Amino acid sequence: MYKRQITDIPLFTKQYAPLLINHKRVPSPADIFCPVSLTQTEHEQQCLATLESLLANEHEQICALILEPLMQGAAGMGFYSADYLESALALCQRFGVHAIFDEIATGFGRTGKLFALDYCEVKPDFVCLSKGLTGGYLPMSAVVTTDSIYQAFLDTKLERAFLHSHSYSGNPLGCAAALASLEVFDQDQVLKCNQAKSARIEAGFEQLSQLSGVGSLRGLGMVWAVTLTHPQVSSAQLGLAVAKLARDQGLMIRPIGNQLYLMPPYCITDDQLDQVFITLQQACETVLKQEAPAGYTHPSLLA
Ligand SMILES: *Cc1c(COP(=O)(O)O)cnc(C)c1O
């Protein structure tokens, strides 16, 4: 009864493998999983074909498709198109399967629009919200759904209601912080102001990509990423080495393996962004530039 699992990242699931149900998984359309032999568009087409055949064959056993729209975060900051989303939503509708968007990372302006679903004509049935809902000032999360789902639980009989709340559901302080944060979106025209910041972050990463060993620049709105490679340093250590050097300069980043990304708060100033890239540039130069002989351990890894 308590078996559930939606991530496909072994680090998070391996320990519990015997307890978990073997839910269906479809290949991710994200660019970081695109085989070298395919273009990103071909990759997305193939992923859609797999999704379509799964839904066609097993839709009666499947209640919902859950996905992170436009960007997969913890998987390594991979991006894919709104076209994939649109087609996936259309398939869900065709086969009577609900679509759940996990917008915890993408919601509240991260991808350039208020929600990733704003890139789509067709809408999901459920949206998970958290992080940006309060601007991070207080913990607050929500699952938003359609009127028809709401109506399915609306009844004079208590047993029909959705009785699975949490002790602090609708916490008034959390709600106040969320409302205040949403007000700032309007008052300060946050989405509009972010456009210039987005361009600045992209330009910063473009500059960083001039270094050999920095590549695969990708991103959208206020989230951008590059991939680091080094012939002698393992992927797992590369991001850590850069993060340690950056931390010595007062910049805290959290790379995922060798995926170096920025997802800054929207109140970051141009000067602060410039400082971020000066620090990253120096850290990456130090970590990537050295030509080490085989078997050599990078000094920044010994700290
Ligand atoms: C952070 C994150 C979560 C976890 O959110 P909680 O509010 O802590 O449950 C889930 N999904 C995505 C995409 C996230 O980025």
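Within any chain, residue numbers begin from 1 and follow the written order of that chain's sequence. For this predicted model, a pLDDT threshold of at least 70 governs which residues receive local features, and a threshold of 80 or more governs which side-chain atom pairs are given and counted, while totals over whole chains, interfaces and linings are taken from all residues. With hydrogens and water excluded, all non-hydrogen atoms of the structure serve as input to the side-chain values.

A. Representation of the sheet that holds strand β9 (residues 259–262) in the model. Following DSSP output, two strands are said to pair if at least two bridges run between them. In this text, helices come from DSSP runs of H or I with a minimum length of four residues, and strands from runs of E with a minimum of two, each type numbered from the N-terminal end. Pairing is antiparallel across the open sheet formed by 3 strands, whose spatial order is β7-β8-β9. Looking at the sheet topology across the chains shown, the edges are occupied by β7 (214–220) and β9. Taken pair by pair, the neighbouring strands of this sheet meet at an average axis angle of 20 degrees, ignoring direction. In this sheet, strand β8 (residues 223–228) lies alongside β7 in antiparallel orientation, the contact comprising 5 bridges. Bridge pairing in β8 links V214 to L228. When checking whether two residues touch, look at their non-hydrogen atoms; a contact exists if any pair is within 4.5 Å. Only the contacting stretch of a helix is used when fitting its axis, a line to C-alpha atoms as for every element, and angles between N-to-C directions run 0 to 180 degrees. Packing of helix α8 (residues 270–289) onto the sheet brings it into contact with β7, β8 and β9, and relative to β9 it is tilted by some 170 degrees.

B. Local environment of the pairing of strand β4 (residues 98–102). The pairing of strand β1 (residues 64–67) with β4 spans 4 bridges and is classified as parallel. Within β4, the position partnered with L65 by the bridge is A99.

C. Highlighting the packing of helix α6 (residues 190–208) against α8. Contact pair α6 / α8: the axes reach a minimum separation of 10 Å and the direction vectors enclose 15 degrees. With respect to their mutual orientation, α6 and α8 come out roughly parallel. Relative to α8, α6 is oriented so that their crossing is right-handed. Across the interface between the two elements, K197, R200, I201, G204, F205, Q207 and L208 from α6 touch D270, L273, D274, F277, L280, Q281 and C284 from α8. For the contact of α6 with α8, the residue count by class is 7 nonpolar, 3 polar and 4 charged. With respect to orientation, any angle under 35 degrees is reported as roughly parallel, any angle over 145 as roughly antiparallel, any angle of 65 to 115 as roughly perpendicular, and every other angle as oblique. In a left-handed crossing the near helix is turned counterclockwise from the far helix by less than a right angle, and in a right-handed crossing that turn is clockwise. Only Asp, Glu, Lys and Arg are considered charged, only Ala, Val, Leu, Ile, Met, Phe, Trp, Tyr, Cys and Pro nonpolar, and every remaining residue, Gly among them, polar.

D. Region of interest: the site of the ligand. The ligand sits among E68, D102, I104, A105, S130 and K131. For the purposes of these results, a polar contact is taken to be a pair of N or O atoms within 3.5 Å, where, inside protein, one atom must be able to donate a hydrogen and its partner to accept one; residues adjacent in sequence count only when each atom of the pair is a side-chain atom. S130 places a polar side-chain atom, nitrogen or oxygen, 2.8 Å from an oxygen atom of the ligand. Among the residues making up the shell around the ligand, the classes are represented as 2 nonpolar, 1 polar and 3 charged. Nearness is judged by heavy atoms alone; a residue qualifies as near a molecule or strand once a single heavy atom is within 4 Å of it.

E. Broad picture of the environment of C193. The topology assignment puts C193 in helix α6. Looking at C193, the relative accessible area reads 40%, which means it is partly exposed. Burial classes: relative accessible area under 20% of the type maximum marks a residue as buried, over 50% as exposed, and values in between as partly exposed (1.4 Å probe, protein chains only).

F. Local environment of the sheet that holds β4. The strand order β1-β4-β5-β6 describes an open sheet built from 4 strands, whose pairing is mixed. Of all the strands in the sheet, just β1 and β6 (142–145) have a single pairing partner and so form its edges. Averaged over all pairs of adjacent strands, the angle between strand axes in this sheet comes to 20 degrees, irrespective of strand direction. The sheet contacts of helix α3 (residues 82–95) involve β1 and β4, and relative to β4 the element is tilted by about 145 degrees.

G. Quick look at the side chain of S198. Note on placement: S198 falls in helix α6. Polar side-chain contacts of S198 include one of 3.5 Å to the side chain of W224. Among all residues touching S198, those that are not within four sequence positions of it are G221, M222 and W224.

H. Focus on the nonpolar core. Here, nonpolar core means buried Ala, Val, Leu, Ile, Met, Phe, Trp, Tyr and Cys residues that are tied together by side-chain atoms lying within 4.5 Å of each other. Within the largest apolar cluster, 63 residues are counted, with the highest numbers of intra-cluster contacts made by V242, I253, L260 and L280. Here this core gets 8 residues from one element, more than from any other, and that element is α8. Setting aside chain neighbours within four positions, we find L280 in contact with L208, V242, L251, I253, L260 and L262. Judged by nonpolar contacts, the second largest core, of 7 residues, contains M71, F79, A105 and Y261.

I. The packing of aromatic side chains, seen in detail. When two rings of Phe, Tyr or Trp (its six-membered ring) have centres within 6.5 Å they constitute a pair, described as stacked for plane angles under 30 degrees, edge-to-face for angles over 60, and tilted for the intermediate range. Tallying each qualifying case throughout the model produces 5 aromatic pairs. A ring pair is formed by F185 and Y266, whose centres lie 6.2 Å apart and whose planes are at 80 degrees; its orientation type is edge-to-face. With F185 in helix α5 (residues 172–187) and Y266 in the loop between β9 and α8, the pair connects residues that are 81 residues apart, well separated along the chain. We note that F185, like Y266, is buried. With a centroid separation of 5.2 Å and an interplanar angle of 85 degrees, the aromatic rings of F205 and F277 are classed as edge-to-face. Note that F205 is positioned in helix α6 and F277 in helix α8, a separation of 72 residues in sequence. No difference in accessibility class separates F205 from F277, as the two residues are buried. By the criterion adopted, a ring carries a charge over it if an Arg CZ or a Lys NZ lies within 6 Å of its centre and within 35 degrees of its normal. Above the ring of Y119, the side-chain terminus of K113 is found at 4.9 Å from the ring centroid.

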